[in-house]
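Structure assessment
What follows is the residue order along each chain.
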Amino acid sequence: MSINTSLLGELKNESANTKKILERIPTEKLDWQPHEKSMTMGALATHIANLPVWIGRILSADGFDFASSGSVGKKETTQAILELFTQRIDEAEKALTAATSDEMFKGLWTVSRNNQILYQLPKMVAIRSFAFSHVYHHRGQLSVYLRLLDIPVPGMYGPSADEK
């Protein structure tokens, strides 16, 4: 199986799980945060929705400098967050479909700040880390936010405590 086919399969499976948790967020709770050092629910959800953008960025460039990064901006409704997520997943699927050479995934991707190299990773590892694992990490955080607000948490890999 080619690398892009494998990554596409995971993206499709996990994006369905991510969508389930994003759909549970009430728009009226987007400004809620569990602690002053925590992101608001809306900021966290928007961040999760935007993370698939990294797949195309990693495949189309040899690196990224954090000094040049921008912000997506705050989404005002759950629907807007879901629309951003759908857009980013569509873009990611197209980028992965176009990347048909396994060699492309073995090329190095450099992460820097103000042109100082922080680290380098093969593009395949960068996609797994910056896009996939990053989503899973924040999705777990979001499930705790929902639990603290007594909003039923959807199951990801089987039923949750709210889905018996």
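See the structure shown above.
The shown structure was predicted, so the numbers you read here are calculated from the model rather than taken from an experiment. (Residues numbered from 1 in each chain as written. Predicted model: local features only at pLDDT ≥ 70, side-chain atom pairs only at ≥ 80, totals over all residues. Heavy atoms only, no water.)

**Points about the overall build of the protein**
- When helices and strands are tallied, the protein shows six helices and three strands.
- For the protein, the α and β elements follow one another from N to C terminus as α-α-α-β-α-α-β-β-α.
- For the protein, whose C-alpha radius of gyration is 17 Å, the value lies close to the compact-globule estimate of 15 Å for 164 residues.
- Along the three orthogonal principal directions, the C-alpha set of the protein runs to about 45 × 40 × 25 Å.
- Within the protein, counting contacts between residues at least 6 apart in sequence, those at least 24 apart form 72% of the total.
- Accessible surface, the protein as shown: approximately 8,900 Å² in total, 52% of it carbon and sulfur.
- Of the charged side chains in the protein, 18 are positive and 18 negative, and the gap between their average positions amounts to 2 Å. (Helix = DSSP H or I, 4+ residues; strand = E, 2+ residues; numbered from the N terminus. Rg over C-alpha atoms; globule rule 2.2 N^0.38 Å. Contact = heavy atoms within 4.5 Å. Areas by Shrake-Rupley, 256 points an atom, 1.4 Å probe, with all protein chains shown as cover. Lys, Arg positive; Asp, Glu negative; His and termini not counted. Charge placed at Lys NZ, Arg CZ, Asp CG, Glu CD.)

**Quick notes on helix H1 (residues 3-23)**
- With 21 residues, H1 should cover 30 Å at 1.5 Å per step; its first-to-last C-alpha distance of 30 Å lies within 8% of that length.
- For H1, the full list of buried residues reads Ile3, Asn4, Leu7, Leu8, Leu11, Glu14, Ser15, Asn17, Thr18, Ile21 and Leu22.
- Next to the buried residues of H1 lie helix H2 (41-50), helix H3 (53-60), helix H4 (78-98), helix H5 (102-106) and helix H6 (123-148). (Expected span 1.5 Å × (residues − 1). Buried < 20%, exposed > 50% of the residue type's maximum accessible area, 1.4 Å probe, protein only.)

**Overview of the nonpolar core**
- One finds Leu22, Trp54, Ile55 and Leu142 to be the most contacted residues of the largest nonpolar core, which totals 46 residues.
- Breaking this core down by element, the ones donating at least two residues are H1, H2, H3, H4, strand S2 (108-113) and H6.
- Element by element, the count of residues in this core is highest for H6, at nine residues.
- When neighbours within four sequence positions are excluded, Ile55 is seen to be in contact with Leu11, Ala92, Ala95, Leu96, Ile127, Ala131 and Phe132. (Core = buried A, V, L, I, M, F, W, Y, C linked by side-chain atoms within 4.5 Å.)

**With respect to empty space enclosed by the protein**
- Here the structure, examined in full by the defined rule, presents one cavity of 30 Å³ or more.
- As for the largest cavity, its lining consists of Leu11, Glu14, Ser15, Thr18, Pro52, Ile55, Phe85, Ile89, Ala131, Phe132, Val135 and Tyr136.
- Put simply, the parts of the chain that give the lining of the largest cavity at least two residues each are H1, H4 and H6.
- A breakdown of the residues in the lining of the largest cavity according to their chemical character gives nine nonpolar, two polar and one charged. (1 Å grid on protein atoms, 1.4 Å probe; cavity = no way out; pocket = protein on both sides within 12 Å on 5 of 7 lines; lining within 4 Å. Points joined across faces, edges and corners; volume = space filled by probe spheres on them. Nonpolar A, V, L, I, M, F, W, Y, C, P; charged D, E, K, R; others polar.)

**Details of the layout of surface pockets**
- Approximately 410 Å³ is the volume attributed to the largest pocket.
- Secondary-structure elements contributing two or more residues to the lining of the largest pocket are H2 and H3.
- If one sorts the elements of the lining of the largest pocket by residue count, H2 sits on top with five residues.
- When grouped by side-chain class, the residues that make up the lining of the largest pocket number eight nonpolar, nine polar and two charged.

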